[in-house]
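Listed below, chain by chain, are the residues.
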Amino acid sequence: MTGFATAEVIISNDVGLHARPSVKFTKLAKLYPCSVEIALSSEGPWLNAKSIVKVMGAKAPKGTRILLRASGDQSGEAVAALRALVERHFDEGQGDAGPDQA
Amino acid sequence: MKARAMPDLIRLSGRTASPGFAAGPIHIVGEARTSYRPLGSAEAEEAALRQAVAAAAEATADSMRGLDEEAASIIEFQLAMLEDDTFVDASLARIQSGVTAFNAWAKVLDLEVEDYRASDDPYFQARSADLADIRDRVLDILTGAVQQPVPPGAIQVATDMSPSHFLAQDWDKGGGLALRAGSVSSHVSMLARSRGIPALVGIGFGAVPDLAAALLDAESGVLLIHPDEISRTQFDETRGASRAAATAAGRDVDRPASTADGEAVAVMVNIAQPGDVGRIPIGHCDGVGLMRTEFLFGGTHGLPDEATQLDAYLKVLVWAAGKPVTIRSIDAGGDKPVEGLTIAEDNPFLGMRGIRLSLAKPEIFRVQIRALLRAAPRGALKVMLPMVSVPGEIDSALALFAEEAEGLAGRGIAHAMPEIGIMVEVPSVAVTPERFFRAAFLSIGSNDLTQYVLAASRDNAALGALSSAADPAVLRLIGTVAAHGAAAGIEVSLCGDAASDPKLVPLLLAAGLRRLSVAPAQLAAVKAAVRAWSRTSAVVTEGES
């Protein structure tokens, strides 16, 4: 299904969109056939979410609001999956109820 | 003059950074990058760049094998950067305008490094080291700087060596290290000791022919190039005697150590990174007397988040199975700069380092404190503050620990307050230890204590003779601290390099110490030195010195 999807999400893990989170983010984006882009403001610039150089280059610290947009096949799924990853603190285990899962 | 004769024996001496012996060919580690020769066409430059980036990515992927998870995740980031076409595309645009592959890649990455360095956020600032690493790896391949393979068992000669270069070598086939400059307390020296790789520093800048046969006796501090029959025989004898002693000592490495007159001595290990524990059977030591945390912050690693730190601490606590694990809070500054954390200073050893830096940058220290508090319920965790020089620094640190513990409690996160002690490395503490009564334990850092007492910078190879922990002034201070600990009922240990040297162990025991923390490769030798010592032998030792 071809389409277009957008979302926004706040980066809430301590270190922001730095090395490990960016690796996870771009790896996930690459799983989808659609184009996926991120921006720090609606005026852009829009950056390729599949490029770690671009995603890291945004240097988004904790508290940054990022905008997501995708167009093409599975755009809805791509945006939802990426937003969920950010909301889960990139699965970095932070802020959980204890050290047990580490 | 002597065209047919054997090449002359060359004898270079240096300081022992890590004891041991190696016999093998010299390998000169690629020192300066040779200049890049333009290929003549944009197409050829483009092909050269693509090949170099692909080769760098492949080498990076190879280096991930066998690394533990946290180390691998750092390399994975560099790999993702190399596999991303963005830098290549930007370089190709420059190549099309007539620039060489070398200059195009260098310029694109230089701009990126600068951009990260200029960031306000310390986490992003620290990434500039990764970008510089990626830049250099591709440039090295473009200029052929890293194409000579290292022969198995080679004695590698370099001006100095980065920890990542050391770790990238295959040391399983033996070999050794001889650094022209370098320092026994540098990170590469620590790694060599921890892996048991013989290493000398400060051999100087005399001629060393590549591939020449050589013998490295890192116990006597000598590198012999083109050895003759006599020196080979002597080398074999010295090595044989040393191995026999090591084998005899190794037989009892799994038993606790006590002196010849029956006093128990705790022998713990120093570790530089969590991966080290995989090589040490816990039964061979009495816990960890010093776990450094700089590895988490250093070089390409950037500033680690709470979860990364917690993982690292838990890994060691689980391995220790209830034995004490002493983790030192970040000891950056001095000779251990961390991008995004330390401050450039004229005199870094007397500047913002250790606890001073942590208290000046509490936002970074608090992340480490939370990780330590969360790790504490899982073992016998102790936390050690480095570079304390006045009692108020302990109070400030304890207040931060209390605040973060309260915050974790408020969020319902499991945690516990560890014992919090201090390093004794600034003379002010060693002279009046009783003023530092809020410390739960004292651990003497003999390397820094020695450099501060003798006013001799420990990273200066030319001052090597002034860097002995056996100096009577240093031993007097160690004795003062040990006596204070015994009188006040406070545990005192020593975790500097002196504890790893079997020749110094008798002096430390005579000074009153009964807890030593040593390089893992030295456990057997130190235990043997402890077992050979008694109060009666101490009298003789002191009389001789």
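In case you missed it, the structure is sitting above this.
Since the structure is predicted, the reported quantities are computational estimates derived from the model, not experimental observations.

Q: Which residues make up the overall build of chain B, and what are the values?
A: Along the backbone of chain B there are 20 helices and 17 strands. Within chain B, the fraction of its 545 residues that count as buried is 51%. Sequence-distant contacts, at least 24 apart, represent 69% of the contacts inside chain B between residues at least 6 apart.

Q: Lay out the interface of chain B and chain A with the relevant residues and their values.
A: Counting residues at the interface gives 27 residues for chain B, matched by 22 residues for chain A. Among the secondary structure elements, those contributing two or more residues to the side of chain B that touches chain A are helix 2 (69-83), helix 3 (85-96), helix 5 (122-126), helix 11 (306-320) and helix 13 (362-375) of chain B. Residue composition of the side of chain B that touches chain A, by class: 13 nonpolar, five polar and nine charged.

Q: Give a description of the environment of B:Asp170 that names residues and reports values.
A: Assignment of secondary structure puts B:Asp170 in the loop between helix 7 (163-168) and strand 5 (176-179). For the pair B:Asp170 and B:Val150, spaced 20 residues apart in sequence, the C-alpha to C-alpha distance is 9.0 Å.

Q: Can you tell me about unusual backbone geometry, naming the residues and giving the values?
A: Cis geometry marks the peptide bond from A:Gly44 to A:Pro45, where omega comes out at 5 degrees. Here A:Pro45 lies in the loop between strand 2 (35-39) and strand 3 (47-48). In this model, A:His89 sits at a positive phi of 55 degrees, which is unusual for a non-glycine residue. As for its position among the elements, A:His89 is in the segment after helix 3 (75-87). The phi dihedral of B:Leu211 falls on the positive side, at around 70 degrees, and the residue is not glycine. Looking at the element boundaries, B:Leu211 is found in the loop between strand 6 (199-201) and strand 7 (213-217).

Q: Go over the sheet that holds strand 4 (residues 155-158) of chain B, please, and point to the residues and values.
A: What holds strands together in a sheet is hydrogen bonding between their backbones, with the strands either parallel or antiparallel. Residue and element names in this part refer to chain B. An order of 1-8-7-3-4-5-6-2 is seen for the eight strands of this open sheet, with the pairing classed as mixed. Single-partner strands in this sheet number two, and they are strand 1 (10-13) and strand 2 (15-18). When strand polarity is set aside, the average angle formed by the axes of neighbouring strands in this sheet is 30 degrees. In the packing of helix 9 (residues 229-250) onto the sheet, the strands contacted are strand 3 (21-28), strand 7 and strand 8 (222-225), and the crossing angle to strand 7 comes to about 35 degrees.

Cut-off values and rules
Numbering of residues starts from 1 in each chain and follows the order in which that chain's sequence is written. Note on labels: chains are lettered from A, ligands numbered from 1, in written order. Local features in a predicted model are, by the rule used here, given only for residues with pLDDT of at least 70; side-chain atom pairs are given and counted only at 80 or more, and totals for whole chains, interfaces and linings are based on all residues. Working definition: helices are DSSP H or I runs of at least four residues, strands are E runs of at least two. Numbering for both runs from the N terminus. The burial label depends on the number of other C-beta atoms within 10 Å of a residue's C-beta. Counts of 20 or more mean buried, 12 or fewer mean exposed, and intermediate counts mean partly exposed, with C-beta atoms placed from the backbone. Each residue gets a C-beta atom placed from its backbone, and two residues are in contact if those atoms lie within 7 Å. For this classification, the nonpolar set comprises Ala, Val, Leu, Ile, Met, Phe, Trp, Tyr, Cys and Pro, the charged set comprises Asp, Glu, Lys and Arg, and every other residue, Gly included, is treated as polar. Two strands qualify as a pair provided that DSSP identifies no fewer than 2 bridges between them. Angles here are taken between N-to-C directions and fall from 0 to 180 degrees, while the axes themselves are lines fitted to C-alpha atoms, restricted in helices to the stretch in contact.

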